[in-house]
Amino acid sequence: MQAIIWGLFICLTIIQAGYWLLFALVRTKSHSPKKPELPGISVIICAHDQEQNIRELVPLLLSQDHPNFEIIVVEDRCNDGTFDYLLAETAKQSKLKMVQVRSKPDYLPGKKYALTLGIKAAVHDLVLLTEPDCRPGSNSWVTSIAESFDTQTEIVIGVAPFLSSKSFLNIFLRFENTLSSISYCTWAKIGLPFMGLGRNLAYRKQLFLENKGFNKHLASLTGDDKLFVNQHASSFNTNVAEDPRSIMYSHALNDLNDFITQKKAAIASARQFRFKHQLILIPFYLSYALWLPAITLTLFFIFSWWVISVVCLRWLLMILTISRFKKTYQISYPLAWVPVQDVLYSTMCLALLPAGLFTSKLVWKI
């Protein structure tokens, strides 16, 4: 029995150490110099009953310093005052456009249909996606994303940290979001981009149209960001925006049940990732899920200061990696909370992985 426990602990330690060493050692690229001529870019937001958020976001987008951009808000069957606000603002702001969705085909998820209409309406080849509850970290957000494109770039992946509050749930969600961001940014930088977030994601309209948009995963309610990137991103056509100006903040969920539903949907969506991406992700999350039970069993049956030292070294490596990520993007996170959040994250993985992997029906708000 003790040999099995030792073997499990050592195996999981090696896997976790390998991943965290990779995250720690892959270096941030130096920022590209400002380009004398920036390409035109279309910012697209889909809004479904998000009047207050749209009222707050649109002025921030209009104040962006990019010399040639437009803002397209897709008013998706709203029951609030979104349409009236946009109708008045588009009459005053030439950069602001509205695309209205009155109804949608039954076979299409609402978000994907609305986004497709927005992209088709875009004047520019570069389209930059975000969501109503997001807030740009600077007035150079659009410029920074545009600077991340070169002649061969078709997809730019941005980072979208959560705005901070003092709630314990907020601290945990920021930890979870940071781990996810470190993971997808690291793999993209070494040539294996597997996802992006629709809160801060850009790609070429031509890429979208040539691949018939979301046609390959219409049956999935989610995936307008992760699955699209997973299917079309490569080591040659994808960049990671690493300028601190490129971040897009968003509000974290304030309800635990909503978060659980969201994570189950994310795990279920990941089942459609390409096989090579599943090969690099499954060992990490499976070992994370088993990490806490393995430590508990090991200390219960074979108490050893060596085991405690390994745990502490792993936490130190995590703290150093998260600290560097914070410095790169100039965002905040209380590093003293890392050990506590790590334990909770392991528990979450253990609880939600089975549910997400075997979930067949998802309910989405839009």
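Reading the values: rules and limits
Residues numbered from 1 in each chain as written. Predicted model: local features only at pLDDT ≥ 70, side-chain atom pairs only at ≥ 80, totals over all residues. Heavy atoms only, no water. Pairing = 2+ DSSP bridges. Helix = DSSP H or I, 4+ residues; strand = E, 2+ residues; numbered from the N terminus. Axes fitted to C-alpha atoms, helices over the stretch in contact; angles between N-to-C directions. Contact = heavy atoms within 4.5 Å. Buried < 20%, exposed > 50% of the residue type's maximum accessible area, 1.4 Å probe, protein only. Arc of directions from axis to C-beta. Expected span 1.5 Å × (residues − 1). Patch = residues over 30% accessible without salt bridge, like charges linked within 9 Å, V, L, I, M, F, W, Y side chains within 5 Å. Areas by Shrake-Rupley, 256 points an atom, 1.4 Å probe, with all protein chains shown as cover. Salt bridge = Lys/Arg side-chain N within 4 Å of Asp/Glu carboxyl O. Disulfide = S-S within 2.5 Å. Core = buried A, V, L, I, M, F, W, Y, C linked by side-chain atoms within 4.5 Å. pLDDT = per-residue confidence, 0-100. Phe/Tyr/Trp six-rings, centres within 6.5 Å; stacked < 30°, edge-to-face > 60°. Lys NZ or Arg CZ within 6 Å of the ring centre and 35° of its normal. Parallel < 35°, antiparallel > 145°, perpendicular 65-115°, else oblique. Left-handed = near helix turned anticlockwise from the far one by under 90°. Nonpolar A, V, L, I, M, F, W, Y, C, P; charged D, E, K, R; others polar.

Draft legend 1. Just the sheet that holds strand E4 (residues 126–130), in detail. In spatial order, the strands read E3-E2-E1-E4-E7-E6-E8; together these seven strands make up an open sheet with mixed pairing. In the strand order of this sheet, the two ends are held by strand E3 (96–101) and strand E8 (238–240), each with one partner. Direction aside, neighbouring strands of the sheet carry axes that sit 20° apart on average. As paired elements, strand E6 (residues 155–157) and strand E7 (residues 201–204) share three bridges and run antiparallel to each other. Note that in E7 the partner of Ile155 across the bridge is Tyr203. In the packing of helix H2 (residues 51–62) onto the sheet, contacts are made with strand E1 (41–47), strand E2 (69–76), E3 and E4, and the angle to E2 comes to roughly 165°.

Draft legend 2. Structural context of helix H3 (residues 82–92). Residues of H3 that are buried: Thr82, Tyr85, Leu86 and Glu89. The arc that holds the buried residues of H3, viewed along the axis, is 90°, so those residues lie on one side. Turned more than 90 degrees from where H3 packs its buried face, Asp84 and Ala91 sit exposed. Along its buried surface, H3 packs onto H2, E2 and E3.

Draft legend 3. Just helix H6 (residues 168–189), in detail. Along its 22 residues, H6 runs 32 Å from first to last C-alpha, staying within 8% of the 32 Å computed at 1.5 Å per residue. By the criterion of burial, H6 is predominantly enclosed, with 19 of the 22 residues buried.

Draft legend 4. Main features of a nonpolar patch on the surface. A cluster of nonpolar residues, Leu8, Ile282, Leu286, Leu290 and Leu350, forms a patch on the protein surface that exposes about 410 Å² of accessible area. Here the nonpolar patch gets three residues from one element, more than from any other, and that element is helix H10 (residues 275–301). Position of Leu290 among the secondary structure elements: in helix H10. For Leu290, a relative accessible area of 32% gives the class partly exposed.

Draft legend 5. Layout of the pattern of salt bridges. Taken as a whole and judged by the stated rule, the model has twelve salt bridges. Here Asp342 ties to Arg314 by a salt bridge, and the two come within 2.7 Å at their closest N and O atoms. Within this pair, whereas Asp342 is found in helix H12 (residues 338–357), its partner Arg314 is found in helix H11 (residues 305–329), the two being separated by 28 residues in sequence. In this structure, Asp342 and Arg314 share a single accessibility class: buried. Through salt bridges that share partners, Glu147, Asp243 and Arg245 make up one connected network.

Draft legend 6. Representation of the state of the cysteines within the structure. Going through the model one piece at a time under the given rule, you end up with zero disulfides. Note on Cys11: no disulfide assigned, nearest cysteine sulfur contributed by Cys349 at a separation of 17 Å. Cys11 sits in the partly exposed class, given a relative accessible area of 42%.

Draft legend 7. Fine view of the nonpolar core. Formed by 66 residues in total, the largest nonpolar core has its most connected members in Ile44, Phe175, Tyr203 and Tyr288. Top contributing element to this core by residue count: H6, with ten residues. The residues contacting Tyr288, other than those within four sequence positions of it, are Gln16, Trp20, Phe175, Leu179, Arg314, Met318, Asp342, Tyr345, Ser346 and Cys349. Core analysis: the next-biggest nonpolar cluster, separate from the first, contains 27 residues, Leu38, Val73, Val156 and Ala202 among them.

Draft legend 8. Representation of the confidence of the model for the chain. When pLDDT is averaged along the chain, the result is 90, and 92% of the positions lie at 70 or above. Within the chain, the element-level pLDDT minimum falls on helix H9 (residues 256–270), averaging 84, and the maximum on E4, averaging 98. The low-confidence segment residues 361–366, where pLDDT is below 50, has 14 contacts with residues more than four positions distant or belonging to other chains.

Draft legend 9. The arrangement of the pairing of E7 in detail. Here E7 shows no split at all, with Leu201 and Tyr203 on one side and Ala202 and Arg204 on the other all buried. Two elements, E4 and E7, share four bridges in a ladder whose sense is antiparallel. Residue pairing across strands places Leu129 opposite Leu201, the latter belonging to E7.

Draft legend 10. Representation of the packing of aromatic side chains within the structure. Within the structure shown, the criterion is met by 25 aromatic pairs. With a centroid separation of 5.7 Å and 75° between ring planes, the pair formed by Phe23 and Phe284 is classed as edge-to-face. Residue Phe23 is found in helix H1 (residues 2–25), and its partner Phe284 is found in helix H10; the two are separated by 261 residues along the sequence. Both residues of the pair, Phe23 and Phe284, count as buried. Ring plane angle 75° and centroid distance 5.9 Å describe the contact between Phe214 and Phe228, whose orientation is recorded as edge-to-face. Of this pair, Phe214 sits in the loop between helix H7 (205–210) and helix H8 (226–232) while Phe228 sits in helix H8; the two residues are 14 residues apart in sequence, bridging distant segments of the chain. With relative accessibility at 0%, the residue Phe228 sits in the buried group. Taken together through their ring pairs, the aromatic side chains of Tyr19, Trp20, Phe23, Phe175, Trp187, Phe284, Tyr285, Tyr288, Tyr333 and Tyr345 make up a single cluster. The aromatic ring of Tyr288 is capped on one face by Arg314, whose charged end is 5.0 Å from the ring centroid.

Draft legend 11. Focus on the packing of H2 against H3. For the pair H2 and H3, the least separation of the axes is 9 Å and the interaxial angle reads 25°. Considering the angle they form, H2 stands roughly parallel to H3. In the packing of H2 onto H3, the handedness of the crossing is right-handed. Contacts from Glu51, Ile54, Arg55, Val58 and Pro59 in H2 reach Thr82, Tyr85 and Leu86 in H3. Tallied by class, the residues present in the contact of H2 with H3 amount to five nonpolar, one polar and two charged.

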